[in-house]
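Single-letter residue listing:
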Amino acid sequence: MSAPNRRRFVQTLACAAATGPLAVALPARAQATREFRLGLIAPAGHSWNRAALAFAEALKKETDGRLSATVFHSGQLGNESAMMQQLQSGALDMGWIQAAELGSRVASVAAINAPYLVRSTPAVAKLVRTPAALKLLEALPRETGTVGLGWGITGMRVVFATRDINTPTDLKGLKLRINPTPVYRDFYQLLGAAPTPIPTPAVFDAMTNGQVDGLEADIEFSWNQRFDKVAKSLLPMNALFMPFAPLVSGRVWQGLDAKDKDIIRGLVAQSLAAQIDDIVTTEAGLIDKFKQSGIAFKSGEGYDPRPVIEAFDQIWLPKAPQIAELRKLGATLA
């Protein structure tokens, strides 16, 4: 075959390919589909899980099914420590992890759990959206191999007690089930309580049989568990809240292109905004339900937290100096 004929033969093949099956082949990026596994410890009906499901639905819709997420609630993939290990190795793609778990690994992140940063749930909603709060997440890639995409919240935490309590001073001597984060442990010990480790599913029975005298928790979780059935008093602490951070495995994040990272960031932010607003809106209604349940709902009026704040900061400011900035910022938020 002469050179001109060979050239015409190659051109003919090229034209045939362009009009044949290869012509309708999609770009490589569009062909690739990815299903992310997302783990969290909150139960199915919890606002965190609802927010995760909303993110998953939005991700599938935004990418026409190219990217999707399956949500594993209620610790189906293990506790938060186990999920952090999976995130670090890349075995788990995403996890919505409490600040308590992150703060136990990175002292600076524990600053968000310090007591008396703010005094109300609407103020919590404002604080977690500030640059100072979001900046805490910048340490995570280096320290934990994960990427934090923002903060979601619970409301301010309260104490349920099987005896009459009126102010935080009355916690002295109580065996109290608390979230085991070091920040909470130090705070409640400064109040004279005896933090008692009890697995969450066992708390109701532990209060019934006197193994513990009470527990601290957020309003949403407490109403779902109906701790008012085994408690005499409910005391709003107006001191603590427990945020969570949606995390992506650093190994997984590195494998995503810039456009997909932007999509995920945007949809997570959208989901978090809705979750935060949901808590602020619904908490007041849950408080009314508790007040109508017959439990003695206390106000804690007259309690001066300044001595405890000073003692706490002596312990924690050297480890997490960011607390000072957050406390100053929180004082400006109504």
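In the block above lies the structure referred to throughout.
Below is a short write-up of the structure. This one's a predicted model, so the numbers in the text were calculated from it and none came from an experiment.

### Considerations on the pattern of salt bridges
Point 1. Per the counting criterion, the structure on display carries 13 salt bridges.
Point 2. Notably, a salt bridge pairs Glu-216 with Arg-157, separated by 2.5 Å at the nearest N-O pair. Taken together, the residues Glu-216 in strand 8 (residues 214–218) and Arg-157 in strand 5 (residues 156–161) connect sequence positions 59 residues apart.

### Some points on the packing of helix 3 (residues 47–62) against helix 13 (residues 258–293)
Point 1. Across the interface, helix 3 lies against helix 13 with an axial gap of 9 Å and an inter-helix angle of 145°. The crossing of helix 3 and helix 13 is right-handed. The residues of helix 13 that touch helix 3, namely those facing Ser-47, Trp-48, Arg-50, Ala-51, Ala-52, Ala-54, Phe-55, Ala-58, Leu-59 and Glu-62, are Ile-263, Ile-264, Leu-267, Val-268, Gln-270, Ser-271, Gln-275, Asp-278 and Ile-279.
Point 2. Of the residues in the contact of helix 3 with helix 13, the class split is 12 nonpolar, four polar and three charged.

### What to know about the packing of aromatic side chains
Point 1. In the structure shown here, the tally under the stated rule is nine aromatic pairs.
Point 2. Pairing Trp-223 with Phe-290 gives two aromatic rings, centres 5.1 Å apart and planes at 85°, and the pair type is edge-to-face. Placement of the pair is Trp-223 in helix 11 (residues 219–225) and Phe-290 in helix 13, with a sequence separation of 67 residues.
Point 3. Since its relative accessible area comes to 0%, Phe-290 is described here as buried.
Point 4. Feature note: the residues Phe-160, Phe-221, Trp-223, Phe-227 and Phe-290 constitute an aromatic cluster, connected by ring pairs.
Point 5. If you follow Arg-226 out to its NZ or CZ, it ends over the ring of Trp-223, 4.0 Å from the centre.
Point 6. When the ring centre of Phe-297 is taken as reference, the NZ or CZ atom of Lys-291 above it lies at 5.0 Å.

### Regarding the sheet that holds strand 11 (residues 296–297)
Point 1. Overall, mixed pairing links the six strands, which are arranged 7-6-8-5-9-11 in an open sheet. The strands lining the two open edges of the sheet, one partner per strand, are strand 7 (194–195) and strand 11.
Point 2. Here strand 9 (residues 233–241) runs beside strand 11; their pairing, made up of two bridges, is parallel. From the neighbouring strand, Leu-234 faces strand 11, where its bridge partner is Phe-297.

### Some thoughts on helix 13
Point 1. Spanning 36 residues, helix 13 covers 51 Å between terminal C-alpha atoms, matching the ideal 52 Å at 1.5 Å per step.
Point 2. The largest bend along helix 13 reaches roughly 35° and is located at Thr-282.
Point 3. The opening residue of helix 13 is Asp-257, an N-cap whose side-chain oxygen sits 3.2 Å from the backbone nitrogen of Lys-259.
Point 4. Downstream of helix 13 by a residue or two, Gly-294 has a phi angle that is positive, lying close to 105°.

### Focus on the pairing of strand 3 (residues 94–98)
Point 1. Taken across its five residues, strand 3 has five buried, putting it largely inside the fold.
Point 2. Neither face of strand 3 is open: one carries Met-94, Trp-96 and Gln-98, the other Gly-95 and Ile-97, and all of them are buried.
Point 3. Strand direction decides the pairing type here: strand 3 and strand 10 (residues 244–249), joined by five bridges, are antiparallel. The residue of strand 10 that forms the bridge with Gln-98 is Phe-244.

### Quick word on the side chain of Thr-144
Point 1. Residue position: Thr-144 is located in helix 8 (residues 140–144).
Point 2. Its relative accessible area of 3% is what places Thr-144 among the buried residues.
Point 3. At 2.7 Å, the side chain of Thr-144 and the side chain of Thr-146 are in polar contact.
Point 4. Every residue in contact with Thr-144, bar those within four places of it in the chain, is listed here: Met-84, Gln-88 and Val-106.

### Considering empty space enclosed by the protein
Point 1. What the rule picks out here adds up to one cavity of 30 Å³ or more.
Point 2. One number sums up the size of the largest cavity: a volume of about 30 Å³.
Point 3. Lining the largest cavity, in full, are Leu-38, Phe-55, Met-94, Trp-96, Leu-149, Pro-246, Leu-247, Val-248 and Val-268.
Point 4. Looking at which element gives the most residues to the lining of the largest cavity, the answer is strand 10, with three residues.
Point 5. Across the lining of the largest cavity, the residue classes tally to nine nonpolar, no polar and no charged.

### Considerations on the pairing of strand 8
Point 1. Of all the five residues making up strand 8, five are buried; the element is thus mostly covered by neighbouring parts of the structure.
Point 2. Residues of strand 8 alternate between two faces, with Gly-214, Glu-216 and Asp-218 on one and Leu-215 and Ala-217 on the opposite face, all of them buried.
Point 3. One ladder, built from two bridges, connects strand 6 (residues 175–177) with strand 8; its direction is parallel. Directly across from Arg-177, in strand 8, lies its bridge partner Leu-215.

Conventions used here
Residues numbered from 1 in each chain as written. Predicted model: local features only at pLDDT ≥ 70, side-chain atom pairs only at ≥ 80, totals over all residues. Heavy atoms only, no water. Salt bridge = Lys/Arg side-chain N within 4 Å of Asp/Glu carboxyl O. Helix = DSSP H or I, 4+ residues; strand = E, 2+ residues; numbered from the N terminus. Axes fitted to C-alpha atoms, helices over the stretch in contact; angles between N-to-C directions. Left-handed = near helix turned anticlockwise from the far one by under 90°. Contact = heavy atoms within 4.5 Å. Nonpolar A, V, L, I, M, F, W, Y, C, P; charged D, E, K, R; others polar. Phe/Tyr/Trp six-rings, centres within 6.5 Å; stacked < 30°, edge-to-face > 60°. Buried < 20%, exposed > 50% of the residue type's maximum accessible area, 1.4 Å probe, protein only. Lys NZ or Arg CZ within 6 Å of the ring centre and 35° of its normal. Pairing = 2+ DSSP bridges. Expected span 1.5 Å × (residues − 1). Bend = angle between axes of the 7 residues up to and from the residue. Polar contact = N/O pair within 3.5 Å; in protein donor to acceptor, adjacent residues only side chain to side chain. 1 Å grid on protein atoms, 1.4 Å probe; cavity = no way out; pocket = protein on both sides within 12 Å on 5 of 7 lines; lining within 4 Å. Points joined across faces, edges and corners; volume = space filled by probe spheres on them.

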